[in-house]
Protein chains: 2
Amino acid sequence: MAISNRQLIYANTPSPAIDPSLTNGTFKLNTTSIPDQIPNDKVLVRVHYLSLDPAMRQWLTAKRVMRGQSIAQVIAVGSGLQSQYKVGDWVVAYSGWQEYCLLGPKEAQKVVVPPGCQPTDAMSVLGMTGLTAYFGMIEVGQPKPGDTVVVSGAAGATGMVAGQIAKVKGAKRVVGIAGSADKCEFLVKELGFDAAINYKDKDWKKQLKEATPEYIDVYFDNVGGEILDACLARAQKDSRFAICGAISQYNSAKPQGPASFMNVISQRITMKGFIVFDYAKKYDIALKDLSTWLTQGKIKRKEHIIRGGLEAAPQGLVSLYEGANTGKMMVEVAPVSEAIGAKAKL
Amino acid sequence: MAISNRQLIYANTPSPAIDPSLTNGTFKLNTTSIPDQIPNDKVLVRVHYLSLDPAMRQWLTAKRVMRGQSIAQVIAVGSGLQSQYKVGDWVVAYSGWQEYCLLGPKEAQKVVVPPGCQPTDAMSVLGMTGLTAYFGMIEVGQPKPGDTVVVSGAAGATGMVAGQIAKVKGAKRVVGIAGSADKCEFLVKELGFDAAINYKDKDWKKQLKEATPEYIDVYFDNVGGEILDACLARAQKDSRFAICGAISQYNSAKPQGPASFMNVISQRITMKGFIVFDYAKKYDIALKDLSTWLTQGKIKRKEHIIRGGLEAAPQGLVSLYEGANTGKMMVEVAPVSEAIGAKAKL
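Cut-off values and rules
Residues numbered from 1 in each chain as written. Chains lettered and ligands numbered in written order. Predicted model: local features only at pLDDT ≥ 70, side-chain atom pairs only at ≥ 80, totals over all residues. Heavy atoms only, no water. Helix = DSSP H or I, 4+ residues; strand = E, 2+ residues; numbered from the N terminus. Rg over C-alpha atoms; globule rule 2.2 N^0.38 Å. Buried < 20%, exposed > 50% of the residue type's maximum accessible area, 1.4 Å probe, protein only. Contact = heavy atoms within 4.5 Å. Areas by Shrake-Rupley, 256 points an atom, 1.4 Å probe, with all protein chains shown as cover. Lys, Arg positive; Asp, Glu negative; His and termini not counted. Charge placed at Lys NZ, Arg CZ, Asp CG, Glu CD. Least-squares fit on C-alpha atoms with pLDDT ≥ 70 in both. Buried area = accessible area lost by both parts, 1.4 Å probe. Salt bridge = Lys/Arg side-chain N within 4 Å of Asp/Glu carboxyl O. Polar contact = N/O pair within 3.5 Å; in protein donor to acceptor, adjacent residues only side chain to side chain. Nonpolar A, V, L, I, M, F, W, Y, C, P; charged D, E, K, R; others polar. Pairing = 2+ DSSP bridges. Domains from an automatic or database assignment. Axes fitted to C-alpha atoms, helices over the stretch in contact; angles between N-to-C directions. Parallel < 35°, antiparallel > 145°, perpendicular 65-115°, else oblique. Phe/Tyr/Trp six-rings, centres within 6.5 Å; stacked < 30°, edge-to-face > 60°. Core = buried A, V, L, I, M, F, W, Y, C linked by side-chain atoms within 4.5 Å. Right-handed = clockwise from strand over helix to strand, strands pointing away. Disulfide = S-S within 2.5 Å. Expected span 1.5 Å × (residues − 1). Arc of directions from axis to C-beta.

A.B. asks: Describe in detail the overall build of chain A, supporting the description with residues and values.
C.D. replies: Looking only at helices and strands, chain A has ten helices and 15 strands in total. In summary, chain A has a C-alpha radius of gyration of 21 Å against a globular reference of 20 Å for 346 residues, a match within 12%. Expressed as lengths along the three principal axes of its C-alpha atoms, the size of chain A is roughly 65 × 45 × 35 Å. For chain A, with 346 residues in total, the buried portion stands at 56%. Sequence-distant contacts, at least 24 apart, represent 69% of the contacts inside chain A between residues at least 6 apart. Taken as a whole, chain A presents about 14,500 Å² of accessible surface, with 51% of it coming from carbon and sulfur. Charged side chains in chain A number 40 positive and 31 negative. The centres of these two groups are separated by 3 Å.

A.B. asks: Tell me what's going on with the relation of the copies chain B and chain A, and back it up with residues and numbers.
C.D. replies: With an axial shift of 0.1 Å and an RMSD of 0.0 Å, the rotation relating chain B to chain A amounts to 180 degrees. These values place the two chain copies in the arrangement generated by a two-fold rotation axis. Taking C-alpha positions as the reference, the residue of chain B nearest the rotation axis is G257 of chain B, at 2.0 Å. The share of interface residues of chain B whose copies in chain A are also at the interface is 100%, consistent with both copies meeting through the same surface.

A.B. asks: Describe in detail the environment of L81 of chain A, supporting the description with residues and values.
C.D. replies: Tracing the chain through its elements places L81 of chain A in the loop between β4 (70-77) and β5 (90-93). Taking the C-alpha atoms as reference points, L81 of chain A and V43 of chain A, separated by 38 residues in sequence, lie 7.5 Å from one another.

A.B. asks: Tell me what's going on with the interface of chain B and chain A, and back it up with residues and numbers.
C.D. replies: Each side of the interface is counted separately: chain B has 26 residues, and chain A has 26 residues. For the pair chain B and chain A, the summed buried surface comes to about 2,200 Å²; carbon and sulfur atoms form 66% of the total. Here chain B and chain A share two salt bridges between them. Residues D278 of chain A and R268 of chain B are paired through a salt bridge, measuring 2.5 Å at the closest nitrogen-oxygen approach. Across the contact surface, chain B and chain A share eight residue pairs in polar contact (both at pLDDT 80 or more). Secondary structure elements with two or more residues in the side of chain B that touches chain A: β12 (235-243), α6 (247-250), α7 (263-266) and β13 (270-273) of chain B. Among the residues forming the side of chain B that touches chain A, the class breakdown is 16 nonpolar, six polar and four charged. Bridge count for strand β13 (residues 270-273) of chain A against β13 of chain B is three bridges, and the pairing is antiparallel. Directly across from M271 of chain A, in β13 of chain B, lies its bridge partner M271 of chain B.

A.B. asks: Quick rundown of the domain arrangement of chain A? Include the residues and the values.
C.D. replies: Residues and elements named next belong to chain A. The domain architecture assigned to chain A consists of domain 1 (3-124 + 302-338) and domain 2 (128-279 + 286-295). Once you take the C-alpha centre of each, domain 1 and domain 2 turn out to be 28 Å apart. Counting residues at the interface gives 23 residues for domain 1 and 18 residues for domain 2. Of the roughly 1,600 Å² buried between domain 1 and domain 2, counting both surfaces, carbon and sulfur atoms make up 57%. Of all residues in domain 1, K302, Y321 and T326 bury the most surface against domain 2, accounting for 23% of the area lost on that side. Between domain 1 and domain 2 we count zero salt bridges in total. Inspection of the region where domain 1 meets domain 2 yields six residue pairs in polar contact (both at pLDDT 80 or more). When its residues are assigned to classes, the side of domain 1 that touches domain 2 shows ten nonpolar, seven polar and six charged.

A.B. asks: Lay out the pattern of salt bridges with the relevant residues and their values.
C.D. replies: Taken as a whole and assessed by the stated rule, the structure comprises 34 salt bridges over all chains. D89 of chain B is the partner of K86 of chain B in a salt bridge, and the nearest nitrogen-oxygen pair spans 3.3 Å. Taking relative accessible area as the criterion, K86 of chain B reaches 52% and is therefore assigned exposed. Among the salt bridges present, the one from E226 of chain B reaches K205 of chain B, with a minimum N-O distance of 3.9 Å. Of this pair, E226 of chain B sits in helix α5 (residues 225-233) while K205 of chain B sits in helix α4 (residues 204-211), and the two are 21 residues apart along the sequence. The class for K205 of chain B is partly exposed, based on a relative accessible area of 47%. Ionic contacts of the salt-bridge type, sharing partners, join the residues R6, E99 and E311 of chain A into one network.

A.B. asks: Break down the packing of helix α1 (residues 128-141) of chain B against helix α8 (residues 283-296) of chain B for me, citing the residues and quoting the values.
C.D. replies: Residues and elements named next belong to chain B. The geometry of α1 relative to α8 is characterised by a closest axis approach of 10 Å and an angle of 105 degrees between their N-to-C directions. The orientation of α1 relative to α8 falls into the category roughly perpendicular. Contacts from M128, G130, L131, Y134, F135 and I138 in α1 reach Y283, I285, A286, L287, D289, L290 and W293 in α8. Its residues assigned to classes, the contact of α1 with α8 shows eleven nonpolar, one polar and one charged.

A.B. asks: Kindly report on the packing of aromatic side chains, identifying the contributing residues and their values.
C.D. replies: Residues and elements named next belong to chain B. In the structure shown here, the tally under the stated rule is 18 aromatic pairs over all chains. With 4.9 Å between their ring centres and 40 degrees between their planes, F27 and W97 make a pair best called tilted. Taken together, the residues span a long stretch of sequence, with F27 in strand β2 (residues 27-34) and W97 in the loop between β5 (90-93) and β6 (100-103) at a distance of 70 residues. In this structure, F27 and W97 share a single accessibility class: buried.

A.B. asks: Account for the nonpolar core, naming residues and giving values.
C.D. replies: Core analysis: the biggest nonpolar cluster contains 48 residues, and F241 and M271 of chain A together with F241 and M271 of chain B have the highest contact counts within it. Not counting residues within four places of it along the chain, the set of residues in contact with M271 of chain B comprises F261, I269, T270 and M271 of chain A together with L228, L232, F241, I243, F261 and V264 of chain B.

A.B. asks: Outline the pairing of strand β10 (residues 195-198) of chain B, listing residues and values.
C.D. replies: A regular strand places its side chains so that they alternate between the two faces of the sheet. Residue and element names in this part refer to chain B. Here strand β9 (residues 173-178) pairs with β10 via four bridges, running parallel. Within the sheet, the bridge partner assigned to A178 lies in β10 and is N198. One crossover worth recording links β9 to the parallel β10 by way of helix α3 (residues 181-190), and it is right-handed.

A.B. asks: How would you explain the state of the cysteines if you had to name every residue and give the values?
C.D. replies: In the structure shown here, the tally under the stated rule is zero disulfides over all chains. A disulfide-free cysteine, C184 of chain A has its sulfur positioned 13 Å from the sulfur of C231 of chain A, the nearest such atom.

A.B. asks: An account of helix α8 (residues 283-295) of chain A is requested, with residue identities and associated values reported.
C.D. replies: All names here are of chain A. The terminal C-alpha atoms of α8 lie 18 Å apart, and with 13 residues this matches the ideal 18 Å at 1.5 Å per residue to within 8%. If you check which residues of α8 are buried, you get Y283, A286, L290, S291, W293 and L294. All buried residues of α8 lie within an arc of 160 degrees about the axis, which places them on one face of the element. Summarising the geometry of α8, the exposed residues directed more than 90 degrees from the buried face are D284, I285 and K288. Residues of α8 that are buried in the fold lie against α1 (128-141) and α2 (157-168). Looking one or two residues past α8, G297 carries a phi angle of roughly 80 degrees, positive in sign.

Structure representation (structure tokens):
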């Protein structure tokens, strides 16, 4: 019996905001069917959790099934792959925004769950966001004992890990910048940040100044715009600015550069943009460190799960850009209770 | 007989442009007298050439004799310094904008003129601008054989040396950006740049694109603003942007950040601000290289001398910000013909 597969297609260019409506909005719903017969060199997976990521705004290029990573479960295996996969295996894959997907062996990465970890970690602390935090902080930011480290988007999937890594590496003060009092409380009380600033407070710049009495040695930037600007104005001499993202600018028709850019000269700042894929050769080392820290409780996980199935993804993405999430944002396409043998694994 | 000493005092804050008038302008003329008796631990120098530098806009802080470097000649030596200095020695010093100055031994650096070089080189290729070009290009830009290197403010004292150093280091293409057709011709015909772009041409961005078919590996920035922005938009992956100055922004009441800043992420650009003084421990090596290249003709000098005495300095500074100079801009406070034994030395 062919499986009916619902998918979300990128259909209309945002102007410039993403329109989450499924009627003439940015995405449209489409239904295909996946034939019974699995090709020899493919596995059929069922998508359980879609990842929502700030970079997605830049993935709106080809008008096709929306690109995206997911945690999925193998439900059928082509005859040529039966030594590699079995039904019930969990994988992480760029399945895109759909309920089912046929994947080649290189497209479906089996999730090996280290002791004390869980499959969805493969999409957060032990996934792209955790690795992004790791390389941005360790290779670009290079915090040293005694340093003051500031992280923007600090309650997001990448930021929360970046700040915790700085602590592991002996930073003297780790300061998070986030968009609500709840997020700030989470950062300080649950994750052990030394201070957190709600950038929606009127006096946030004053708070930033007070929270960085010895200025900023390392800044991990997820947001760009005005917050990057304020951190440039608080930069310590020879500071390192790891430029990871600029979520404040992605939906802007006319991006703004940092007006305090001249501090790059006066404070001899190194600003370096980076993309996690450039460090692929070091993923193994990074994942070993991250899973150790996760197991030891030195890094804590936090998931923000959107319910409502595939259709909830567009509104979820809009919410991500509005800063609704604390921790890694995912869309639950199919609950764990429906997974094959899931209770034993998740 | 006491010597009458005219000096220019920084008197009024620019609003925001520098006003070169000596009547209620940014600077005012003052006359003091220097007593006959030289203190034991001082030398008295006569200033011959004042250096005009883009950084001066940021030196307008204390309301005192305008800060500035000069090439000066020792005309009297205190009794305690006669083993170190003799009348007629040339020195480079932060004398400020005045005709005469009393200097301590650490404030007057004797100019040792390498064979084939001349005393005013100590304020250009073998001075702060040449050293700035050297460290910015070699330590920050790090051009490799085959690289495309772009220099802005390329006909200025620092830029012209920076571009020539890139050639010495084997860059495949060196492209200068300057503000007139004459400057561009100078860069290509006299200095051997591969291309030069007049940013006052309407189609300068198109010219920049055509001049960088393999994009930009190293950008040495003296100007900031729109040109930095255009170079960010042409950046090659893993490119290095040496941020030396932002002359387009110094006189701006509201500086603009680079709007193409997000390319820092997509192209993994490293932008590093630097200040020459941080490399003081390496000056000896740099000066050895620079004087060798100058003697060998691999680097050519170019001086732009403003006549009219001390009073011409404020207008000279305004002209510097207007981009009037090709090469190192200096104000002739006293002609060489008036120097002690000068004909033999200059």
